[in-house]
Amino acid sequence: MPMKSVFVSTFPFCRTIPKAMDLLISNGFQVTVNPFGRKMKPNEVAEAAGSFDALIAGTEDLTLLVEESKSLKLISRVGVGLDSVPLELCKEKGISVAYTPDAVSPAVSELAVSLIVDAMRKVTYADREIRKGEWTRPYGERIGGSTIGILGFGRIGKRVASHLLGYLPKEILVCDLMDQTEVIHQLNQVSSSIHKLNLSLGKNWNPTEIRQVELEVLLKSSDAITIHVPLTEANKNLIDYRTMSLMKPNAVLINTARGGIVNEKDLYRVLEENLISAAAMDVFEEEPYKGPLVGSENLILTQHMGSCSNDCREDMEREAAENLIGFFCGGKWEKVV
């Protein structure tokens, strides 16, 4: 097989170990890596990768590249989200698409839970106060006894629910387009087992109830809402001023899914008006983010780092490389359907 050329647009790539790079090189691929040290812009990707056979991509907008490239045969995503990949156009041009749907879930779900705790207990807020010479010891809420809403119940949403059971929330509300009865039944059985264990330890805590509800019920009833839906045309600005106004005044909003699902201008307004207690945003419409939300005191901002645990990032990169090798060398690869 003639040597195939691969451009890596995602950043970072092989920051901790070179496993993915070693796999590609040992299988005869010529690899060129993003030279910018940051997320590439659409025109930069199109210009840099237009003549390559394959692309290992992050969340870069690939529309211009797909439109212009005459040589691209495969896009291998490091991650699971596909809003940046023009799938219909890829289909028209015969460009295959691969992804790594499972590797990212542990890291994102753990970050989501940690941000729920941070926002509800005002951890980051207290840190800021100390740095300014202040000491008010702010009060917060516990997950235990609260109602937690999970918007989107795919791989990551399900893991979030399983993590939360150990915190003993009063209930977990699930909102999803698909009927999740079977999985919810299994989680309620786990909740019952945790309850029995607590009883055996002399702790008569109530079991958590998991149930599926409509979006409006989730918004009105939840003390914390964590978002785990893909960015689609239907979900663009799904969480706006109107929907956030339905939330409890003490509620917190967490987004580790995609920028654009939460309307950032409306979020800023909602926080300024104290309509909700706090929010945490790991994802933004434009990244790196430099907008007005940086001035919101009751907001936690992180750098689209949901997947950035060492192990999960290494697994994602390795799987993206394995998908590419499988595609060109006749092995297994995880296709996007």
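Presented here is a report on the structure given in the accompanying data block. (Residues numbered from 1 in each chain as written. Predicted model: local features only at pLDDT ≥ 70, side-chain atom pairs only at ≥ 80, totals over all residues. Heavy atoms only, no water.)

**Describing the side chain of Asn235**
And step 1. Summarising the element assignment, Asn235 is placed in the loop between β9 (224–227) and α10 (241–245).
And step 2. Overall, the relative accessible area of 16% leaves Asn235 in the buried class.
And step 3. Separated by 2.9 Å, the side chain of Asn235 and the backbone oxygen of Pro230 make a polar contact.
And step 4. Residues within four places of Asn235 in sequence aside, it is in contact with Val229, Pro230, Gly260 and Ile261. (Helix = DSSP H or I, 4+ residues; strand = E, 2+ residues; numbered from the N terminus. Buried < 20%, exposed > 50% of the residue type's maximum accessible area, 1.4 Å probe, protein only. Polar contact = N/O pair within 3.5 Å; in protein donor to acceptor, adjacent residues only side chain to side chain. Contact = heavy atoms within 4.5 Å.)

**Some points on the sheet that holds strand β11 (residues 278–281)**
And step 1. In space, the seven strands of this open sheet follow the order β8-β7-β6-β9-β10-β11-β12, with parallel pairing throughout. The open sheet is flanked by β8 (209–212) and β12 (299–301), the only strands paired with a single partner. Pairwise comparison of adjacent strand axes, ignoring direction, gives a mean angle of 15° for this sheet.
And step 2. Bridge analysis of strand β10 (residues 252–255) against β11 gives four bridges, and the strand direction is parallel. Of the residues in β11, the one forming a bridge with Val252 is Ala278. (Pairing = 2+ DSSP bridges. Axes fitted to C-alpha atoms, helices over the stretch in contact; angles between N-to-C directions.)

**Some points on the nonpolar core**
And step 1. Counting 50 residues, the largest nonpolar core has Ile56, Ile116, Leu164 and Leu324 as the members making the most contacts within it.
And step 2. Filtering out sequence-adjacent residues up to four positions away, Ile56 remains in contact with Val6, Phe7, Val8, Ser9, Thr10, Phe13, Leu24, Ser76, Val78, Ala320 and Leu324.
And step 3. By size, the runner-up hydrophobic cluster in this structure holds 27 residues, among which are Leu151, Ile239, Val270 and Tyr289. (Core = buried A, V, L, I, M, F, W, Y, C linked by side-chain atoms within 4.5 Å.)

**Examining the packing of aromatic side chains**
And step 1. Within this structure, the stated rule accounts for five aromatic pairs.
And step 2. Taken together, a centroid distance of 5.5 Å and an interplanar angle of 65° make the contact between Phe7 and Phe52 edge-to-face. Taken together, the positions of Phe7 in strand β1 (residues 4–8) and Phe52 in the loop between α2 (42–49) and β3 (54–57) put the pair 45 residues apart, joining distant regions of the chain. For the residue pair Phe7 and Phe52, the accessibility class agrees, reading buried in each case.
And step 3. Ring geometry for Phe327 versus Phe328: centroids 4.8 Å apart, planes at 90°, classification edge-to-face.
And step 4. Each residue in the set Phe29, Phe327, Phe328 and Trp333 is aromatic and connected to the rest through ring pairs, giving one cluster.
And step 5. We note Arg269 situated over the ring of Tyr241; from NZ or CZ to the ring centre the distance is 3.6 Å. (Phe/Tyr/Trp six-rings, centres within 6.5 Å; stacked < 30°, edge-to-face > 60°. Lys NZ or Arg CZ within 6 Å of the ring centre and 35° of its normal.)

**Digging into the environment of Arg269**
And step 1. Secondary-structure assignment places Arg269 in helix α11 (residues 264–272).
And step 2. Among the residues examined, Arg269 registers a relative accessible area of 41% and is labelled partly exposed.
And step 3. Along the backbone, Arg269 and Lys290 are 21 residues apart, and their C-alpha atoms lie at a distance of 17 Å.

**A short note on the pairing of strand β4 (residues 74–77)**
And step 1. Residues Leu74 and Ser76 line one face of β4 and the alternating positions Ile75 and Arg77 line the opposite face, and both faces are buried.
And step 2. The sheet contact formed by β3 and β4 spans four bridges and is parallel. Directly across from Ile56, in β4, lies its bridge partner Ser76.
And step 3. Where the polypeptide runs from β3 across helix α3 (residues 63–68) and back to β4, its parallel neighbour, the crossover connection is right-handed.
And step 4. Sheet topology places β4 next to strand β5 (residues 96–98); three bridges connect them, and they run parallel. By the bridge assignment for β5, Leu74 is matched with Ser96.
And step 5. Handedness of the crossover joining β4 and β5 through helix α4 (residues 87–93) is recorded here as right-handed. (Right-handed = clockwise from strand over helix to strand, strands pointing away.)

So yeah, pure geometry; function would need other evidence.
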